[in-house]
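Each chain is listed here by its residues.
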Amino acid sequence: MAIDTLLVVVGVYDSVDDAKADYELVGDLHKEAGLIDAYDAAVIERTDKGKAKIVKKHETPTRVGGVLGGGMGLATGLVVALFPFAAVGGGLLAGTTAGGAILGAVAGHAAAGLSRHDLKELGEQLDEGTAGLVVVAVSDMGAKVERAMKRAQKLQQKELEADVEEIEADVSQIERTAAGP
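Bear in mind the structure is a predicted one, so any value in this text is a computation, not a measurement.

**Focus on the overall build of the chain**
Inference 1: Helices and strands together make up the secondary structure of the chain, namely six helices and six strands.
Inference 2: Reading the secondary structure of the chain in the N-to-C direction produces β-α-β-β-α-β-α-α-β-α-β-α.
Inference 3: A total of 181 residues make up the chain; the buried ones form 50% of that total.
Inference 4: Considering only residue pairs separated by 6 or more positions, the chain has 77% of its internal contacts joining residues 24 or more positions apart.

**A closer look at the pairing of strand 5 (residues 131-138)**
Within a regular beta strand, the side chains point alternately toward one face of the sheet and then the other, so they alternate between its two faces.
Inference 1: Taking burial as the measure, the eight residues of strand 5 include eight buried ones, the bulk of the element.
Inference 2: Here strand 1 (residues 4-13) runs beside strand 5; their pairing, made up of eight bridges, is antiparallel. Bridge pairing in strand 5 links valine 10 to valine 134.
Inference 3: Relative to strand 5, strand 2 (residues 39-46) runs antiparallel, the two sharing seven bridges. In the strand pairing of strand 5, aspartate 40 is matched with valine 136.

**What about the side chain of arginine 46?**
Inference 1: You can see arginine 46 is positioned in strand 2.
Inference 2: One polar contact links arginine 46 to aspartate 127, side chain to side chain, over a distance of 3.3 Å.
Inference 3: Residues within four places of arginine 46 in sequence aside, it is in contact with Lys51, Ala52, Phe83, Leu126, Asp127, Gly129, Thr130 and Ala131.

**Focus: the pairing of strand 1**
Inference 1: Most of strand 1 sits out of view: eight of its ten residues are buried.
Inference 2: Taken together, the nine bridges between strand 1 and strand 6 (residues 154-162) define a ladder with antiparallel strand orientation. Along strand 6, the bridge assignment pairs valine 9 with glutamine 157.

**Remarks on the environment of valine 43**
Inference 1: Note on placement: valine 43 falls in strand 2.
Inference 2: Under the relative-accessibility criterion, valine 43 is labelled buried at 0%.

Conventions used here
Residues numbered from 1 in each chain as written. Predicted model: local features only at pLDDT ≥ 70, side-chain atom pairs only at ≥ 80, totals over all residues. Heavy atoms only, no water. Helix = DSSP H or I, 4+ residues; strand = E, 2+ residues; numbered from the N terminus. Buried < 20%, exposed > 50% of the residue type's maximum accessible area, 1.4 Å probe, protein only. Contact = heavy atoms within 4.5 Å. Pairing = 2+ DSSP bridges. Polar contact = N/O pair within 3.5 Å; in protein donor to acceptor, adjacent residues only side chain to side chain.

In short, shape yes, function no, at least from these values alone.
Next comes the structure, spelled out in structure tokens:
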């Protein structure tokens, strides 16, 4: 079992536009470093009713936190672990029952990779803002990711341990089961 230690950086923002702007900077940073496949990110908007909605996301299709055909990465999984009823795009999931199972599996792995204390801290921090940006990246990019998130009112960094191969195996099993015999 190969456990990867990844970095979670969470920023709290006064506006969705600021979170989206930093999301773009984080993406540019990874493009310039040639590590576009080495991060997941999700911009969260808090509604006036206190609900969370993912309004923009980058999911790595393979390595480091990306999940195969499910299109769900660890950043989305972490948001759903923190806010179980978070809307992803236009709805909770625009897809099949397998999509919900995949999202649940990824959320479970994301939650298992952090301590309960860290999960609680991240959730409470995100509750403080109008918007948030969650980035899951390779650990040696931490300082650069934090510098790119310059519009954040508050930043917090945590380590997440994940077995990417196990996540991918779980998702593949869900997809095979959903496809039927």
